[in-house]
Amino acid sequence: MARKRSSRSTTAFIFFAFLSIIVVTARNFEISNDMFWKDGQPFQIIGGDLHYFRVLPEYWEDRLLRAKALGLNTIQTYVPWNLHEPKPGKLVFEGIADIVSFLKLCHKLGFLVMLRPGPYICAEWDLGGFPAWLLAIKPAIRLRSSDPDFLHFVERWWEILLPTVAPLLYENGGPIIMVQIENEYGSYGNDKPYLHHLVTLARGHLGDDIILYTTDGGSRDTLEKGTIRGDVVFSAVDFTTGDDPRPIFELQKEFNAPGKSPPLSAEFYTGWLTHWGEKLAETNAKFTAAALENILAQNGSAVLYMAHGGTNFGFYSGANTGGDETNYKPDLTSYDYDAPIRESGDVNNAKFKELRKVIKQYSTASIPSVPSDNEKTGYGLIHLQRKGLFFDILNRLDSIEVVESENPISMESVGQMFGFVLYVSEYPSKEDGSILFIPKVHDRAQVFISCSSEDNGRRPIFVGTIERWSNRKLGLPKTKCVSNISLYVLVENMGRVNYGPYMFDRKGILSFVYLDGRILHQWKMLSIPLNNLNKVPRANPIIQVAYSELTKTSARRKAKENVSEEPAFYAGHFSIDNVNHVKDTFISFRGWGKGIAFVNEFNIGRYWPMMGPQCNLYVPAPILQHGENIVVLLELESPNPELVIHSVDQPEFTCGSSIAHVRQL
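Described below are features of the structure shown in this document. (Residues numbered from 1 in each chain as written. Predicted model: local features only at pLDDT ≥ 70, side-chain atom pairs only at ≥ 80, totals over all residues. Heavy atoms only, no water.)

Helices and strands together make up the secondary structure of the chain, namely 14 helices and 35 strands. Put simply, the chain has 665 residues, and 59% of those count as buried. Partitioning the intrachain contacts of the chain with sequence separation of at least 6 by distance along the chain shows that 80% fall at a separation of at least 24. Of the accessible surface of the chain, which amounts to about 26,300 Å², a share of 52% is contributed by carbon and sulfur atoms. (Helix = DSSP H or I, 4+ residues; strand = E, 2+ residues; numbered from the N terminus. Buried < 20%, exposed > 50% of the residue type's maximum accessible area, 1.4 Å probe, protein only. Contact = heavy atoms within 4.5 Å. Areas by Shrake-Rupley, 256 points an atom, 1.4 Å probe, with all protein chains shown as cover.)

Here's what the structure looks like:
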């Protein structure tokens, strides 16, 4: 009996000891007493946005280590639906879209993660992250609403995405502590059933323990419309850097359950975005650091937007509008954002130092030493050769998709989501010329005419440009032609609106086309296949033509005769002789007009030095290779007469008009 009693006591002791170990080691992130709690201990979020889709995967760890050296304990990132599902049912989770690898890397480096899966993200990203093919659905769906047709596609997407990230929730041993519902919805709409439906979807896939949160501007109006009252969803705020956070955090409490409102600025703005044609936006380092300290000193949490901005590679940069949709403002290729970790990863700057100094005072963990900036180099002068005029190359391709219609149709309806569509029609010649009017072009159209009955055919003649933001009638010159005159309208999509009431932003010609006041019918739409960020095929037909027969000698000899005002492809190359000399670089486009640049078939983005302020495009070292590196440009307007570009070792934002190019915020 005594032995049996002793056995039971020992068993009970072991059992309760085991339970205590479970209690101590259980992973838990929760909110109570107006505080965040991590594994039973108070926790202050000092985080930063760093978007995996704006950084090459080879540099993810580099940028995260720099965020670690800044003192951050949490990474916040959006998930752009359009990157992962560029076509209906075609899913991409590799390369720069490998979100699982990015999240695991965050975890490995000791970061927590706040995940923002949308479905709308804003982010100065094309269409706020929505796939453009949603705009081709008929009848038109209502984005960001409880429209059943829209919700059908959201459900289908989240049924893929959320189970993919669920194993990485904090309770499951991963880094994800919070998942955002939509994004700043109070600045857009007031459709509560839509928000509730997203919450139901998220809970169904992620369970009841994960903290769901909303982020809205720190005003009563936006919080009323964008939050879900009660303790089902935590309501965070954002506000202008430098605003007194105290009254905003008090207002935040009204939209959370009692004891469930730890003060959190989910977007603490370290800088700001810049559009083409604007002065470069910059913010004072000491002012920004003082504003952050004002939040942290009140036991508030903050997420730096951005900690590291990165680059809008490919065609994914977004746009904004002013009072109406014609006041269109496309974003730069650079998303430097004047963040403490600059576009190329540099941290030797005043903003990084001042913010780190503040964060160090409030960090409970030791902060790693600051790494040195990555070495950058200039590879010098690169001579280019014109490889083909735009219209000639199109004629040589068999793979161009052509859609015919009585009237022009949108780019999305043609099946071309990014880049360019060529609209072609014809009209009878007149002795006194004609007037062309296209009421609605998104976003920029270059107009050409030609007469095929001329001897050997006549090259397309550039007539003028029609722009969304300065639409005008265009005079077509008097042209003697026995046959009809061919009309070519090359329309460029410069990025879909990502914020505000004009987000349903189809591209291309979106109206009737009028010639001398009459509607011009019978159109052909030609898709122009160019690589985007998440689509790098082995053999792009246009790029391959541009690469063909590239030689060093002909580039320099034929430069002068190869200059043309017609859009054309130009190619050149430079060599890196030592494998250890493959470094980051920038390509300067001073003296060029406007276009798209590819390095080793990777789309490094748009250049537009005539508009500015960005002169140079960032080329990360992982794009480059030991030996020969090939650059291809689609120049739309006016090539440099010498047909040269320069590889340099630093960015430059002084191009465009003669006005000052730095805008202090």
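Turning next to the packing of aromatic side chains. Overall, the coordinates contain 42 aromatic pairs when judged by the stated rule. Taking the centre distance of 5.6 Å and the plane angle of 85° together, the rings of phenylalanine 130 and phenylalanine 150 count as edge-to-face. With a gap of 20 residues between them, phenylalanine 130 in the loop between β6 (112-116) and α5 (148-165) and phenylalanine 150 in helix α5 connect regions that are remote in the sequence. Its relative accessible area of 0% is what places phenylalanine 150 among the buried residues. Between the aromatic rings of tryptophan 276 and tryptophan 608, the centroid separation amounts to 6.0 Å while the plane-to-plane angle is 55°, which identifies the pairing as tilted. Of this pair, tryptophan 276 sits in the loop between β10 (264-269) and β11 (280-282) while tryptophan 608 sits in the loop between β31 (602-607) and β32 (616-619), and the two are 332 residues apart along the sequence. Judged by its relative accessible area of 5%, tryptophan 608 falls in the buried class. Members of the aromatic cluster, connected to one another through ring pairs, are Trp81, Phe93, Tyr120, Phe130, Trp133, Phe150, Phe153, Trp157, Tyr185, Tyr188 and Tyr194. A cation over a ring is seen here: arginine 496 above phenylalanine 418, with NZ or CZ 5.3 Å from the ring centre. (Phe/Tyr/Trp six-rings, centres within 6.5 Å; stacked < 30°, edge-to-face > 60°. Lys NZ or Arg CZ within 6 Å of the ring centre and 35° of its normal.)

Taken as a whole and assessed by the stated rule, the structure comprises 34 salt bridges. With its nearest N and O atoms 3.9 Å apart, the salt bridge here joins lysine 253 to aspartate 34. Remark: aspartate 34 occurs in the loop between β1 (29-32) and β2 (35-38) and lysine 253 occurs in helix α8 (residues 245-253); sequence separation between them is 219 residues. The class of lysine 253 is partly exposed, set by a relative accessible area of 37%. Judged by relative accessible area, which is 26%, aspartate 34 ranks as partly exposed. A salt bridge links glutamate 254 to arginine 220; the shortest N-O distance between them is 2.9 Å. Of the two residues, glutamate 254 is situated in the loop between α8 and β10 and arginine 220 in helix α7 (residues 220-226); the sequence distance between them amounts to 34 residues. Classification of glutamate 254 by relative accessible area gives partly exposed; the value is 41%. One connected set of salt bridges, linked through shared partners, spans Asp336, Asp338, Arg342 and Lys351. (Salt bridge = Lys/Arg side-chain N within 4 Å of Asp/Glu carboxyl O.)

For the rest of this paragraph, the subject is the environment of histidine 84. Mapped onto the secondary structure, histidine 84 falls in helix α3 (residues 81-84). The spacing of histidine 84 and glutamate 94 is 10 residues in sequence and 8.9 Å in space, taken between C-alpha atoms. Residue contacts for histidine 84: discarding those within four places in its chain leaves Tyr52, Val79, Lys90, Leu91, Val92, Phe93, Ala97, Ile99 and Trp157. Side-chain polar atoms of histidine 84 contact the backbone oxygen of alanine 97, separated by 3.5 Å. (Polar contact = N/O pair within 3.5 Å; in protein donor to acceptor, adjacent residues only side chain to side chain.)

Here we take up the pairing of β1. What you see with β1 is a clean split: Phe29 and Ile31 sit on the buried side and Glu30 and Ser32 on the side with no burial. In the sheet, β1 pairs with β2 via four bridges, with the strands oriented antiparallel. Within β2, the position partnered with glutamate 30 by the bridge is tryptophan 37. Linking two consecutive strands that pair antiparallel, namely β1 and β2, is a turn of two residues; a positive phi of about 50° is found at asparagine 33 within it. (Pairing = 2+ DSSP bridges.)

Before going further, it helps to examine the packing of helix α2 (residues 60-70) against helix α10 (residues 350-362). Contact pair α2 / α10: the axes reach a minimum separation of 8 Å and the direction vectors enclose 55°. Looking at the two axes, α2 sits oblique to α10. In this structure, α2 contributes Arg66, Ala69 and Leu70 to the contact, and α10 contributes Phe352, Leu355, Arg356 and Ile359. For the contact of α2 with α10, the per-class residue count stands at five nonpolar, no polar and two charged. (Axes fitted to C-alpha atoms, helices over the stretch in contact; angles between N-to-C directions. Parallel < 35°, antiparallel > 145°, perpendicular 65-115°, else oblique. Nonpolar A, V, L, I, M, F, W, Y, C, P; charged D, E, K, R; others polar.)

It is worth spelling out the sheet that holds strand β28 (residues 568-576) at this point. Picture the strands of a sheet paired through backbone hydrogen bonds; they go either parallel or antiparallel. An order of β31-β30-β33-β28-β15-β34-β29-β32 is seen for the eight strands of this open sheet, with the pairing classed as antiparallel. Looking at the sheet topology across the chains shown, the edges are occupied by β31 and β32. Neighbour to neighbour, the strand axes of the sheet diverge by 25° on average, direction disregarded. Where strand β29 (residues 585-588) lies against strand β34 (residues 644-648), three bridges are found, and the strand directions are antiparallel.

That is the geometry; function is a separate question.
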